[in-house]
Amino acid sequence: MKNFFDVVIIGGGVIGCSLASHLSAYTADIAVLEKVSDVSCGASKANSGIVHGGFDAKEGSLKAKFNVLGCAMMEEESRRLDFPYRRNGSMVLAFNKEEEDILQSLYRRGVKNGAKGLEIISGDRVRELEPNVSADVTAALRCTSSGITSPYEMAVAYGENAARNGVRFYFDTCVKSIEKEGENFLIIVENGKKYTARAVVNCAGVHADEICRAYKGKEEMPAFSITPRRGEYILMDKTEGGKVSATLFHTPTAMGKGILVTPTVHGNLLLGPTADDIEDKDDLSTTAEGGGRVLAGAKKSVPSISPKTAITRFSGVRAHPSTDDFIVGKAFDGWYNLAGIESPGLTCAPALGKVVAEEIARDYGLSLRADYIAERRGIRAFAAMSRAEREKAVAENPLYGRIVCRCEQVTEAEITDSIRRPLGARDIDGIKRRTRAGMGRCQSGFCMPRVADILARELNIDINEVTKCGGGSYMTEGYIDEE
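Quick notes on the rules
Residues numbered from 1 in each chain as written. Predicted model: local features only at pLDDT ≥ 70, side-chain atom pairs only at ≥ 80, totals over all residues. Heavy atoms only, no water. Helix = DSSP H or I, 4+ residues; strand = E, 2+ residues; numbered from the N terminus. Rg over C-alpha atoms; globule rule 2.2 N^0.38 Å. Buried < 20%, exposed > 50% of the residue type's maximum accessible area, 1.4 Å probe, protein only. Pairing = 2+ DSSP bridges. Contact = heavy atoms within 4.5 Å. Salt bridge = Lys/Arg side-chain N within 4 Å of Asp/Glu carboxyl O. Phe/Tyr/Trp six-rings, centres within 6.5 Å; stacked < 30°, edge-to-face > 60°. Lys NZ or Arg CZ within 6 Å of the ring centre and 35° of its normal. Core = buried A, V, L, I, M, F, W, Y, C linked by side-chain atoms within 4.5 Å.

When helices and strands are counted, the protein chain shows 12 helices and 22 strands. For 483 residues, the compact-globule formula gives about 23 Å, and the C-alpha radius of gyration of the protein chain, at 22 Å, lands near that figure. Principal-axis analysis of the C-alpha atoms gives the protein chain an extent of 65 × 65 × 45 Å. Counting only residues that meet the buried cut, the protein chain has 56% of its 483 residues in that class.

Two elements, strand β19 (residues 327-332) and strand β20 (residues 335-339), share five bridges in a ladder whose sense is antiparallel. Each residue of the ladder has a partner; that of F332, found in β20, is W335.

Taken in spatial order, the three strands of this open sheet run β3-β8-β4, and their pairing is antiparallel. The open sheet has two edge strands with one neighbour each: β3 (50-51) and β4 (85-86). In terms of strand pairing, β4 meets strand β8 (residues 147-149) through two bridges, oriented antiparallel. Considered in β8, the bridge of R86 is made with I148.

On to the environment of D429. Mapped onto the elements of the fold, D429 is located in helix α11 (residues 428-435). Relative accessible area serves as the criterion here: at 13%, D429 is assigned to the buried category. The spacing of D429 and G470 is 41 residues in sequence and 8.8 Å in space, taken between C-alpha atoms. Excluding residues within four positions of it along the chain, D429 makes contact with K468 and C469.

What follows is about the pattern of salt bridges. Inspection of every chain in the model, using the stated rule, returns 46 salt bridges. In this structure, the salt-bridge partner of R127 is D124, at a minimum N-O distance of 3.4 Å. Here D124 and R127 lie together in helix α4 (residues 123-129), a separation of three residues that amounts to about one turn. Salt-bridge contacts for K216 lead to E179; the nearest nitrogen and oxygen are separated by 3.2 Å.

The next point concerns the packing of aromatic side chains. All told, the structure shown has 12 aromatic pairs when counted by the stated rule. Relative to F171, the ring of F169 has its centre 6.1 Å away and its plane inclined at 20 degrees; by these criteria the two rings are stacked. Between F382 and Y400 the ring centres are 6.4 Å apart and the planes differ by 25 degrees, which places this aromatic pair in the stacked class. A residue pair is termed long-range when its members are at least 10 positions apart, and F382 in the loop between α8 (345-364) and α9 (387-396) and Y400 in the loop between α9 and β21 (403-405) qualify at 18 residues. This pair shows no difference in class: F382 is buried, exactly as Y400 is. Grouping aromatic residues by their ring pairs yields a cluster made of F185, Y215, F332 and W335. The ring of F382 carries the charged tip of R390 above its face, separated from the ring centre by 4.3 Å.

Glancing now at the pairing of strand β13 (residues 226-236). Among the 11 residues in β13, 10 count as buried, and that is most of the element. Where β13 and strand β18 (residues 310-321) come together, 11 bridges link them in antiparallel fashion. The residue of β18 that forms the bridge with M236 is A310. Examined bridge by bridge, β13 and strand β17 (residues 276-277) share two bridges and lie antiparallel to one another. Bridge pairing in β17 places R230 opposite D276. Sheet topology note: the β13/strand β16 (residues 269-272) ladder contains three bridges and is antiparallel. If you follow L235 over to β16, its bridge partner there is L270.

Let's shift gears to the nonpolar core. Across soluble globular proteins, nonpolar side chains have a tendency to be buried as a group. By size, the foremost hydrophobic cluster in this structure holds 48 residues, and its most contacted members are I9 and V201. With nine residues, the single largest contributor to this core is α8. When sequence neighbours within four positions are dropped, the list of residues in contact with V201 reads V7, V8, I9, I10, L19, Y336, L338 and I360.

The structure is reproduced here in structure tokens:
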């Protein structure tokens, strides 16, 4: 096993994958160490998928700087790496005079930040644009530069691009300690394996402060802590996807941007999140009380929303830093942090990856590679094809003629492609994030057994070794005696 690298990135979320992709354009040996079984398994798979315009972050902050930069990059990045993106715009809704004053403050802040497409509009104008919005809305801050994306598909796209350009990904690799060994860093992981690197980049999300504490030269490390902030969501059926076209926010508070109502790039409607500071950084539970708050907040904006059309609930944990701003760049020679990347972190990911990759390249004298593969093509989705395209796809690959997930019209061809690609899926949820098999109304009630069969066949493993999300999450246990 190769264990010496120029750069080791700790964390395989959208930030770590963006950095890996941008850094792979340079002449360097790069590794990503991820503690679980796949990329995009933390906050990157459980957030709103909003591309923020840049009016909310405090002026002069790193959040503001990278928000505007990332928003401006997103459309081109989505074309280059073939992940979903739509500029649908957003509105921050006001329900009274006090909230209208907050809109004015947000507008002025957005102008200072360099956000594009901002205007204050009346409640009547809001309802012209969004007929299902509450009659109680008195005004809104509209931002036409805001958009939506698929956060997990974005992370996978960056990860695949990085892997195709030679970045090595090591999964189920939890970092336990880091120390200096001469000019390099010695990284020891949970299973006892060791990795050596000239440079370390901490992209560990909600666990970033723990990675800093794992370094034995703590006196060099900037002091910060991460508070886990859990947000609960409700995903509605595609029958509700047309209720709004823009992303609708409440006026923000100290805990966040409130309960939003947004279409998704795949045609659903998403509600949430709550914002609760918790103790356990890995607590992804949902609660009746949290679900009630999500629904009540969503109905305040769009009264016609009904819980009867909900198809699933989930939660994600955001990394809220004690600094109240992102922690970005070189902490000391060889150590870089991309920590405390809470909202609007998804929007900022392209710019954060690019800027820190350039910083590392300057520090280590890395040159651009002549053979860098800049573009990546995603999996061809049967559901998005025309009839003629489907007929051609089936003629070229008969597996496109086998529907596995009926809700989302996902074929065996897409599932096998998701496994065989660079950084391919290795469990049920990995396939789900890459193809949407299991994301429909039945939530994999029908397709999961067939997906498990395909996974076992493609990985050449026994069906009892197939997991939902790595670790001990096995899908089956033994066989039924047919006699």
